[in-house]
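Given next are the chains, with one letter for each unit.
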Amino acid sequence: MNRFERELFRRELLFLKAMRRKVTGNEARFTEMLDDQIKHLEAILHEETENVLSD
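Rules used in this analysis
Sequence order as written defines the numbering, with residues in each chain counted from 1. Local features are withheld for residues below a pLDDT of 70 in this predicted model, meaning they are given only at 70 or higher, and side-chain atom pairs are given and counted only at 80 or more; totals for whole chains, interfaces and linings count all residues. Side-chain metrics rest on all non-hydrogen atoms present in the structure, leaving aside hydrogens and water. The numbering of helices and of strands both runs from the N terminus, where a helix is a DSSP run of H or I of at least 4 residues and a strand a run of E of at least 2. In what follows, a contact means two residues having at least one pair of non-hydrogen atoms within 4.5 Å. In protein, a polar contact requires one atom able to donate a hydrogen and another able to accept it; more generally it is a pair of N or O atoms within 3.5 Å, and residues adjacent in sequence count only if both atoms are side-chain atoms. Put simply, a salt bridge is a Lys or Arg side-chain nitrogen that is within 4 Å of an Asp or Glu carboxyl oxygen. Three exposure classes are used, based on accessible area relative to the maximum for each residue type with a 1.4 Å probe and protein chains only: buried under 20%, partly exposed in between, and exposed over 50%.

As a further point, take the environment of L13. Here L13 shows up in helix 1 (residues 3-22). Remark: the alpha-carbon pair of L13 and N51, spanning 38 residues in sequence, is separated by 19 Å. Apart from residues no more than four positions distant in its own chain, L13 is found in contact with I38, L41, E42 and L45.

Given below as structure tokens:
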């Protein structure tokens, strides 16, 4: 993954975290989906960071 792709993933992660903080009762059904996507992006970014550091 190149630097541009990592930055896109990072921005999407920040956006999803901001959305998660704004979820109210009416949108509560989306919290699990948001949490899953946040965890997924965090895992990808963590793995990519480790790959860059080990190269």
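Here the focus is the environment of T24. Topologically, T24 is positioned in the loop between helix 1 and helix 2 (31-54). Sequence separation between T24 and D36 is twelve residues; the distance between their C-alpha atoms is 18 Å. Of the polar contacts made by the side chain of T24, one reaches the side chain of E27; its length is 2.4 Å.

This part covers the pattern of salt bridges. Evaluated as defined, the whole model comprises four salt bridges. Between E7 and R10 there is a salt bridge; the shortest N-O distance is 2.7 Å. Of this pair, E7 and R10 both sit in helix 1, three residues apart, roughly one helical turn. Owing to a relative accessible area of 38%, R10 belongs among the partly exposed residues under this scheme. A salt bridge links K17 to E42; the shortest N-O distance between them is 3.0 Å. Of this pair, K17 sits in helix 1 while E42 sits in helix 2; the two residues are 25 residues apart in sequence, bridging distant segments of the chain. With relative accessibility at 30%, the residue K17 sits in the partly exposed group.

Spatial relationships are all this shows, so hold off on functional conclusions.
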